Amino acid sequence: MKRATSKSLVSNEFDREIDWELRPGGMLVQKRDAGEASSGPMIKIKVSHSSYHHDITVPAQSTFGDLKRVLAQETGLEPKEQRLLFRGKEKEDEECLHMAGVKDMSKVILLEDPASKERKLEEMQRNQCILKAYEAVAQVRAEVDKLSEKVNALEVTVHGGTKVTDKEFVVLTELLMMQLLKLDSIEADGEAKVQRRIEVRRVQSFVDTLDNLKARNSNAAFSNSKNVVSVTTKWETFDSEVGSLYAPKAPTPLQSSTKITQDWEVFD
């Protein structure tokens, strides 16, 4: 219920302006200043919040809104996230404690607003997902660190001119591609998504490096084979100006030892 305020002048020794306000229940009373409320008598209120209990001391002239602000420091709940119940009824921030019947050692129940509680639960679940994604990316990063050492060692070997089998490049590339698949399977948001993207680019750079090293290794092997094998070809030119790899042998004269006769023999 909203307060209705009015002003009037009261004459004592000096004229002064008095503010009036309408309290719940229709009672018109003089409006209190903050200093007057804090300077009044103090009361202790027992506040029950879930399984916790708080003893809160406030001025007797305080409102439930004032009590919420004190409870915010004790519970961590913002005033807008609190619901205060006294004698089974929820109280508005503008209601005064003493007008509602709150006295010294009275009991008040504090409930967290359901909407606020749901928002906190969603935020907690989201944080858990982000943490899980962080851990998954960190595991992949550790594996990639180990593989990067092998890539560096392979790079030193190839640049040193040592021949490396193609199997070394194939196996290492497959292991890096497996890490890429793991990164693709990680569901991440926010900063975790950024970290995953960075790691993906890192793995891709190692794969590119292996491709370049494999090509260089193949070219080096081909160059070495050309240097080792040397073929010398001799050509001989004949009068007909036709070249031959081999010089032809001198023709051997045909010598026949066979004598052909035409004598026929008649049998009976």
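One structure accompanies this document, and this report is about it. Keep in mind that what you see is a predicted model, and the values were worked out from it rather than measured. (Residues numbered from 1 in each chain as written. Predicted model: local features only at pLDDT ≥ 70, side-chain atom pairs only at ≥ 80, totals over all residues. Heavy atoms only, no water.)

Below, the discussion takes up the nonpolar core. If you look at the biggest cluster of nonpolar residues, it comprises 23 residues, and the most contacted ones within it are F169, L176, L183 and L210. Those elements giving two or more residues to this core turn out to be α4 (114-159), α5 (166-184) and α6 (191-228). Per-element tally for this core: the top contributor is α4, with eight residues. Among residues more than four places away in sequence, those in contact with F169 are L154, V158, V164, L210, L213, K214 and N217. Ranked by size, the runner-up nonpolar core spans 16 residues in total, among them I43, I45, V47 and V58. (Core = buried A, V, L, I, M, F, W, Y, C linked by side-chain atoms within 4.5 Å. Buried < 20%, exposed > 50% of the residue type's maximum accessible area, 1.4 Å probe, protein only. Helix = DSSP H or I, 4+ residues; strand = E, 2+ residues; numbered from the N terminus. Contact = heavy atoms within 4.5 Å.)

A separate point is unusual backbone geometry. A positive phi angle, near 55 degrees, is found at S50, a position not held by glycine. Within the secondary structure, S50 sits in the loop between β4 (42-49) and β5 (52-59). Relative accessible area serves as the criterion here: at 63%, S50 is assigned to the exposed category. Backbone geometry at M105 places phi at a positive 70 degrees, although glycine is not the residue there. Take M105: it is sitting in the loop between α3 (97-100) and β8 (106-112).

What follows is about the pairing of β5. In terms of strand pairing, β4 meets β5 through eight bridges, oriented antiparallel. What sits directly across from I45, in β5, is I56. Connecting β4 to the antiparallel partner β5 that follows it, the hairpin turn spans two residues, and S50 within it adopts a positive phi of roughly 55 degrees. (Pairing = 2+ DSSP bridges.)

Here we take up the packing of α4 against α5. Interhelical geometry of α4 versus α5 gives an angle of 155 degrees and a closest axis separation of 11 Å. Relative to α5, the element α4 is oriented roughly antiparallel. In terms of crossing hand, the pair formed by α4 and α5 is left-handed. Touching V140, E143, V144, L147, K150, V151, L154 and V158 of α4 are E168, F169, L172, L175, L176, Q179, K182 and L183, all from α5. (Axes fitted to C-alpha atoms, helices over the stretch in contact; angles between N-to-C directions. Parallel < 35°, antiparallel > 145°, perpendicular 65-115°, else oblique. Left-handed = near helix turned anticlockwise from the far one by under 90°.)

As a further point, take the sheet that holds β5. As summarised here, the arrangement of the five strands in space is β5-β4-β8-β6-β7, forming an open sheet in which the pairing is mixed. The open sheet has two free edges, formed respectively by β5 and β7 (89-90), since each of these has just one partner strand. Here five bridges tie β4 to β8, and the two strands are oriented parallel to one another. Across the sheet, the residue bridging to K46 is K107, located in β8.

With that settled, the discussion passes to α5. Between the first and last C-alpha of α5 there are 27 Å, a value that for 19 residues agrees with the 27 Å anticipated at 1.5 Å per step. For α5, the full list of buried residues reads F169, L172, T173, L176, Q179, L180 and L183. Down the axis of α5, the buried side of the element spans an arc of 115 degrees, and every buried residue falls inside it. Turned more than 90 degrees away from the buried face of α5 sit K167 and L181, all of them exposed. (Expected span 1.5 Å × (residues − 1). Arc of directions from axis to C-beta.)

Right, let's get into the environment of S148. Assignment of secondary structure puts S148 in helix α4. You can call S148 buried: its relative accessible area is 9%. Residues S148 and F206, spaced 58 residues apart in sequence, show a C-alpha to C-alpha distance of 7.2 Å. With sequence-adjacent residues up to four places away left out, S148 is seen in contact with R202 and F206.

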